[in-house]
Structures are given as C-alpha cells and as structure tokens.
Amino acid sequence: MGLFHTKTKSWLAALLVLVGSMGSMSLAVQGQQMPAALEIVDVEFSDNISYDEYLKEVEKFDTPSSEVVLDMALSPVTKEGRPPALEQNFEGEKGPSMRMEDSETIVWNFVIEQVGVYHLQFHYYPLPGIGNSIVRGIRIDGDYPFREASTIELERLWSNKSGERQYDYQGNQILVEQVESPAWTCTYAWGMAGRPGEPYLFYLNEGQHTLELVGESEPMQLKSLTFVPVSEWQGIPYKDIKREYEKAGYTRVSENAVIRLEGEDATTKSDQSMFPLADRTSPAVKPYDHARMLYNTIGGNQWTNTGQWMEWRFEVEETGLYSVSAHFKQALKIGRASIREIYIDGKLPFAEAKNIVFPYKSTWQSAYLRGDDSQSDGQPFEIYLDKGWHTIRLRAGLGYYTDVLTQGRNILFELNEVYREIVMVTGSTPDVYRDYHFDQMIPDTLKKMKDISARLKELESEINAIDSESSKDVADIKRLYIQLDAILKDTDSISRRLVNYKDNIAAFSTWINAQMGQPLELDHLQL
C-alpha cells in the first residue's frame with residue numbers, strides 16, 4: 001500500500017438485508033415473506049424502525065440538486081406556538097439566530113419541491129452547559145423517521161488553553177489544559193448506524209412538511225438547519241477539480257511559500273481528550289529533547305474514534321496551488337492503515353479527500369497527500385488557496401472500509417438472528433445426544449445460513465482485493481463460513497457446535513469493532 005494512496009475500486013454490490021427488531025422471535029417466523037420494497041413516492045416511516053431498515057428503503061430514491069434552508073425567515077415557533085428568543089449578530093454571525101434551551105422544541109413548516117434523500121446540516125453555536133454533547137431529536141411530520149433520529153449528537157469545541165507554555169523546575173513541559181472554545185460551526189447529522197461514519201439520509205417527498213427539533217440535552221444558539229444535496233458530501237472527483245484549476249490558470253506557489261502547522265497546536269478539536277503528547281522516539285519530531293519532556297505531537301489512541309476531528313487555522317500569504325504533506329506515525333493498528341478525511345474551510349476539496357490513507361509503520365513517516373495514477377497521475381493532490389485565513393480539518397473516517405463494515409454489521413445481525421432461532425429449538429444448553437430434526441424444524445434458518453456463508457466469502461474476497469496482506473484480518477471470517485458449511489453438510493451437528501458458533505460470532509463482532517478504530521499520531525502538517 002503506497003503512502004497516502006487513495007484506494008478506489010469497483011465494489012461488489014452490497015447485499016443489504018431488511019433486518020427486523022432485536023426482540024424475541026417465534027417459530028412462526030419461518031417461511032414468512034419479507035415486506036415488499038416501496039413502490040410509491042408517498043412514503044411513511046415509524047420511529048420504531050432502525051436506520052438500517054430505513055436506509056434500505058430510501059437509498060434508492062434520487063438525490064435532489066438544490067438545498068432547503070430552515071432559518072429564522074420561515075418563522076419557526078416553539079411547540080407551544082410562541083416565537084423563539086431571537087438575537088441579532090450573535091458572536092459575530094450576521095443576522096438573526098435563536099437561543100434553544102436543552103429541553104425546548106422548535107417547529108418549522110417548510111415546502112419540498114424536489115423529492116428525494118438529503119443530508120441534514122446544523123449551523124450552531126454551543127452555549128454554556130454542563131459540558132456534555134448537545135443532543136437533539138429530529139421529528140419530520142410528527143414522527144422520528146428512524147430510532148436514531150431521536151439522539152443526534154452535536155459536538156462541543158475544545159482547544160489548548162491560551163498563554164505561554166509552562167515548564168517545571170527540571171525543564172519538563174507542563175501539559176496544557178483543554179478548555180471549551182465555543183464558535184459558530186456547521187456539521188452534519190452524523191451517525192454510526194447504516195453506513196457507519198457517514199451523515200444520515202433523510203427522505204422527503206414533495207409538498208408541505210413540518211420539522212420539530214427536539215431538545216434532549218444542553219443549550220445552543222441556532223442559525224439554521226439545511227437539507228443539503230447528497231452530492232455535497234460525496235464531493236467532486238479530483239480530475240474534474242484539476243481541470244477547473246487549469247482552466248482558471250492557477251499555478252503552484254513559490255518554494256518559499258511554506259506553511260507548517262504543528263499537530264500539538266491544533267486550533268480546535270471535537271473532543272476534550274485530544275490533548276498534546278510527548279514523543280522522544282525520534283529527533284525528527286519537533287521540538288525534541290532527549291532528556292526533557294516536551295509536548296510535540298497529538299493523537300494516537302486519543303484520536304481513533306470515527307468522527308473525531310482536529311482543525312488548524314492558518315494564514316496564506318501567497319495565492320496559488322498548495323500540496324499537503326504530513327509527518328505522522330501509525331503504529332497502533334498493526335498491519336492496517338488508518339483513514340482521515342480532509343476538509344478545507346469546512347468543505348471537501350475533492351471526493352478523494354474522504355479517503356486519505358495513513359499506512360502502518362512502527363516508526364515516523366513523512367508523505368504527501370496523493371492519489372493513485374487514475375486520480376492524480378501519482379502526483380500529490382493540489383489545493384487552491386487564496387490569500388487570507390483558512391482552516392484545514394482532519395476527521396477520522398472509514399474510507400474504503402465503509403462498505404466492508406456495512407456488510408459486516410449486517411451479516412453480524414443475521415448471525416445472531418440465526419443463533420436465536422436455533423436456541424428456540426434447543427434451549428441455551430442443547431442436549432448433544434438428542435436428534436432435534438433441524439432440517440424439519442428450522443428449514444428457513446438453514447437456507448439463511450447458506451446465504452450468510454456465501455456473503456462471508458464475498459466479504460473475504462473484497463477485503464483481499466483492498467489489501468493483499470490481509471490474512472490475519474480475514475481469519476475470523478474464514479472460521480465462520482467454514483463452520484457454517486460444515487453445519488450445512490451435517491445439520492445434526494448443530495447442537496454440538498452451538499457453543500463454538502456463539503464464540504465465533506463474538507470474535508467476528510470484535511473484529512468489526514477493531515476495524516472501526518482509526519488511530520493516528522501527528523507531528524505536523526506542511527503546505
């Protein structure tokens with residue numbers, strides 16, 4: 001795997017299944033037909049369904065090209081019908097915005113002209129509270145479209161406490177305190193259900209709608225909610241961006257126009273736990289001292305959860321095209337790369353910026369942000385920056401592993417479903433000497449096991465196509481489909497294999513969770 005190599009490939013079609021509730025089942029389920037796919041545009045959903053189920057139904061709809069803004073101009077009201085508390089030019093943001101208390105509900109009436117699926121974006125300012133994440137629910141036309149819409153989390157913003165660096169009497173640097181640093185920010189309604197690490201999709205048909213923003217915890221100042229086209233999240237391919245650069249006559253900046261951003265000096269972070277780290281393993285990490293403790297990097301295990309991000313604010317003196325390089329270490333996810341998404345001034349500069357790969361190595365590395373030959377002719381990506389202040393944000397994402405983990409989580413759900421259906425026949429401690437006549441009692445479960453085995457083999461092939469050095473990663477997958485195949489050859493062996501089957505499911509679940517982690521330690525970025 002090359003340094004910062006952005007993998008793109010023709011994926012196998014993900015076989016998403018319409019999963020049921022996690023509650024208990026009865027034997028009457030066997031042979032029951034699945035609900036038919038929606039055929040009409042006027043779709044209704046219940047807050048009793050999961051996002052996985054919702055996504056299965058709505059992802060086939062078109063993605064509109066225009067956004068729909070819900071702001072103060074639409075005269076929102078509280079649930080009781082009163083106008084909200086408005087303020088003008090709050091904290092430097094021009095125009096009106098509203099204060100929304102932690103348990104307050106605000107209602108908008110709005111019209112949709114283009115039917116389809118949208119992402120939802122918040123423009124907000126965190127207000128003082130008790131330091132927890134801001135949580136809001138989204139009801140559309142009186143209902144949560146899916147369960148997870150009841151708990152949308154919005155980050156508070158954190159930074160190093162301002163002031164001079166402090167040292168003890170031996171010259172060791174004192175760890176800087178992390179303080180809340182509220183600012184106006186835009187963010188999507190992110191989720192880990194469905195396609196993990198991607199913004200939730202919201203289906204809206206044509207006509208009049210209501211949206212209720214339900215306060216669950218912590219106050220905030222709200223400027224607007226915006227239903228944005230999915231294409232904004234997907235981004236524009238780099239080859240098209242490069243063509244526009246050439247058409248506009250943009251050129252590279254001079255060699256002297258170098259901007260260095262120290263990792264430990266990140267302007268803003270999404271998590272209070274992402275404080276600077278001290279590294280003395282390499283003199284290439286600056287600042288360095290073999291004897292004294294200096295905080296000179298950031299990240300590592302504290303920057304591993306999907307969705308965590310850091311941002312640096314910097315000034316550009318010379319307008320033109322810049323390439324981005326990084327001095328980093330990714331030694332925690334053994335044999336696997338970590339993924340970051342790159343945002344410039346809050347937006348993806350191009351589609352491939354969602355899939356920036358930081359390869360595994362036990363020592364520090366330096367590399368440019370680059371694509372493969374099909375994306376950037378193997379050359380570093382270039383980003384146009386005009387003179388003035390800008391921001392660059394690195395967000396932990398899943399990149400090319402999103403499809404793999406989406407399929408893996410769906411398969412895991414069905415593996416557990418199969419286990420429950422077997423236990424309904426055998427009990428939790430089956431009699432290994434009893435003939436349960438599984439082929440007669442649970443024929444549909446056996447068919448499901450055959451289908452799962454085939455999909456596990458497809459998943460293994462897909463992982464191997466991403467990275468040929470993935471034998472350790474697919475061991476748990478291989479163990480499961482080998483066991484399923486053995487069971488299908490001898491269904492009477494189910495009672496003897498059930499404990500082992502349960503253990504293999506647990507191992508597969510652990511594997512999925514491990515792939516979600518994206519650790520990265522950063523010394524500096526350079527443009």
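The structure we're discussing is the one just above.
Computed from a prediction, not measured in an experiment: that's the story for all the values here.

Chemist: Explain the overall build of the protein to me, please; I cannot follow it from the model alone.
Modeler: What the protein contains, in helices and strands, is nine helices and 27 strands. Counting every position in the protein, which comprises 527 residues, the buried fraction comes to 53%. In the protein, 80% of the contacts between residues at least 6 apart in sequence involve partners at least 24 apart. Entry remark: accessible area of the protein is about 24500 Å², with carbon and sulfur atoms responsible for 49%.

Chemist: Is there a simple way to think about the pattern of salt bridges in this case?
Modeler: Close approach of charged atoms allows side chains of opposite charge to pair. Tallied over the full model, the rule gives 25 salt bridges. When the shortest N-O distance is used, the salt bridge between Arg455 and Asp451 registers 3.1 Å. Of this pair, Arg455 and Asp451 are both found in helix α7 (residues 443–466), four residues apart, which corresponds to roughly one turn of the helix. Judged by relative accessible area, which is 5%, Arg455 ranks as buried. Overlapping salt bridges bring together Arg156, Glu180 and Glu218 as one network.

Chemist: Before we go on, may I ask you to explain the packing of helix α5 (residues 402–426) against α7 in this structure?
Modeler: When two helices pack together, you describe them by how their axes are tilted relative to each other and by the distance separating the axes. It is at 10 Å that the axes of α5 and α7 come closest, and there the two elements cross at 155°. For the element pair α5 / α7, the angle class is roughly antiparallel. α5 and α7 meet at a crossing whose hand is left-handed. Across the interface between the two elements, Asp403, Val404, Gln407, Gly408, Asn410, Ile411, Glu414, Leu415, Glu417, Val418 and Glu421 of α5 pack against Thr445, Lys448, Met449, Ile452, Arg455, Leu456, Leu459, Glu462, Ile463 and Ile466 of α7. For the contact of α5 with α7, a count of residues per class yields 10 nonpolar, four polar and seven charged.

Chemist: Quick question: what am I supposed to make of the sheet that holds strand β13 (residues 207–217) here?
Modeler: Note: strands within a sheet are paired through backbone hydrogen bonds, in either parallel or antiparallel orientation. With respect to topology, five strands assemble into an open sheet ordered β2-β5-β13-β7-β8, the strand pairing being antiparallel. Whereas interior strands pair on both sides, the edge strands pair on one side only; in this sheet they are β2 (77–78) and β8 (152–154).

Chemist: Please explain the packing of aromatic side chains as it appears in this structure.
Modeler: Two measures describe an aromatic ring pair: the distance that separates the ring centres and the angle between the ring planes. Under the defined criterion, the tally for this structure stands at 23 aromatic pairs. Between Tyr238 and Phe381, the aromatic rings sit 4.6 Å apart at their centres with planes inclined by 70°, giving edge-to-face as the arrangement. Here Tyr238, found in helix α3 (residues 238–248), pairs with Phe381, found in the loop between α4 (373–376) and β25 (383–385); they are 143 residues apart in sequence, far enough to count as distant. Centroid distance Tyr436 to Phe438: 5.3 Å. Interplanar angle 35°. Geometry classified as tilted. Phe438 gets classed as buried once you look at its relative accessible area, which sits at 1%. Joined through ring pairs, the aromatic side chains of Tyr51, Tyr54, Phe110, Tyr118, Phe146, Tyr200, Phe202 and Phe227 make up one cluster. Stacked on the ring of Trp303, the Lys or Arg Arg340 has its end atom at 4.2 Å from the ring centre. Geometry around Trp190 places Arg395 over its ring, the cationic atom sitting 3.5 Å from the centre.

Chemist: Hey, could you run me through α5 in this one?
Modeler: Residue pairs spaced three or four apart in an α-helix point in one direction, given the helix's 3.6 residues per turn. Between its terminal C-alpha atoms α5 stretches 36 Å, which fits the 36 Å expected from 25 residues at 1.5 Å a residue. With respect to burial, α5 is a largely interior element, 20 of its 25 residues being buried. Once α5 ends, the next one or two residues include Gly427, with phi positive near 80°.

Chemist: Looking at this model, I keep getting lost on the environment of Ser181. Mind explaining?
Modeler: Relative to the assigned elements, Ser181 resides in the loop between β10 (178–180) and β11 (185–188). Each C-alpha atom, one on Ser181 and one on Lys269, is 9.0 Å from the other, the two residues being 88 residues apart in sequence. Once residues within four sequence positions are removed from consideration, Ser181 is found in contact with Leu157, Trp158 and Ser159.

Chemist: What is the right way to read unusual backbone geometry from this model?
Modeler: Leaving glycine out, the prevailing phi sign among residues is negative, and the prevailing peptide bond configuration is trans. A cis geometry characterises the amide bond from Lys286 onward to Pro287, with omega recorded as -10°. With respect to the element layout, Pro287 can be found in the loop between β17 (276–278) and β18 (295–300). One non-glycine residue with positive phi stands out, namely Asp141, at about 55°. If you trace the backbone, Asp141 turns up in the loop between β7 (134–140) and β8. Asp141 sits in the partly exposed class, given a relative accessible area of 40%. The residue His437 is not glycine, and still its phi comes out positive at about 55°. As for its placement among the helices and strands, His437 is situated in the loop between α5 and α6 (438–441).

Chemist: Just to check I follow, could you spell out the side chain of Glu352 for this structure?
Modeler: Within the secondary structure, Glu352 is located in the loop between β22 (338–344) and β23 (356–358). Look at Glu352: it is buried, it has no salt bridge, and the nearest opposite charge is Lys239 at 7.7 Å.

Chemist: For this particular structure, what's the right way to read the pairing of strand β26 (residues 388–396)?
Modeler: The side chains of a regular strand alternate, residue by residue, between the two faces of the sheet. Counting buried positions over the nine residues of β26 gives seven, a clear majority of the element. Pairing of β22 with β26 involves five bridges; the strand directions are antiparallel. The partner of Ile344 across the bridge, within β26, is Ile392.

Chemist: Would you mind showing me how to read the nonpolar core here?
Modeler: Core analysis: the largest hydrophobic core is formed by 44 residues, its most contacted members being Trp312 and Ile392. Once residues lying within four places of it in the same chain are set aside, the contact partners of Ile392 are Leu261, Met310, Glu311, Trp312, Phe314, Val324, Ile342, Tyr343, Ile344 and Leu525. With 43 residues, the next largest nonpolar core counts Tyr51, Tyr54, Leu55 and Ile140 among its residues.

Chemist: Mind showing me how you'd approach the environment of Ala291 here?
Modeler: With respect to the helices and strands, Ala291 occurs in the loop between β17 and β18. The exposure class of Ala291 is partly exposed, given its relative accessible area of 48%. Sequence spacing of Ala291 and Gly171 is 120 residues, and the spatial spacing of their C-alpha atoms is 9.3 Å. Excluding residues that lie within four positions of it along the chain, Ala291 makes contacts with Asn172 and Arg280.

Definitions and limits used
- Residues numbered from 1 in each chain as written.
- Predicted model: local features only at pLDDT ≥ 70, side-chain atom pairs only at ≥ 80, totals over all residues.
- Heavy atoms only, no water.
- Helix = DSSP H or I, 4+ residues; strand = E, 2+ residues; numbered from the N terminus.
- Buried < 20%, exposed > 50% of the residue type's maximum accessible area, 1.4 Å probe, protein only.
- Contact = heavy atoms within 4.5 Å.
- Areas by Shrake-Rupley, 256 points an atom, 1.4 Å probe, with all protein chains shown as cover.
- Salt bridge = Lys/Arg side-chain N within 4 Å of Asp/Glu carboxyl O.
- Axes fitted to C-alpha atoms, helices over the stretch in contact; angles between N-to-C directions.
- Parallel < 35°, antiparallel > 145°, perpendicular 65-115°, else oblique.
- Left-handed = near helix turned anticlockwise from the far one by under 90°.
- Nonpolar A, V, L, I, M, F, W, Y, C, P; charged D, E, K, R; others polar.
- Pairing = 2+ DSSP bridges.
- Phe/Tyr/Trp six-rings, centres within 6.5 Å; stacked < 30°, edge-to-face > 60°.
- Lys NZ or Arg CZ within 6 Å of the ring centre and 35° of its normal.
- Expected span 1.5 Å × (residues − 1).
- Lys, Arg positive; Asp, Glu negative; His and termini not counted.
- Core = buried A, V, L, I, M, F, W, Y, C linked by side-chain atoms within 4.5 Å.

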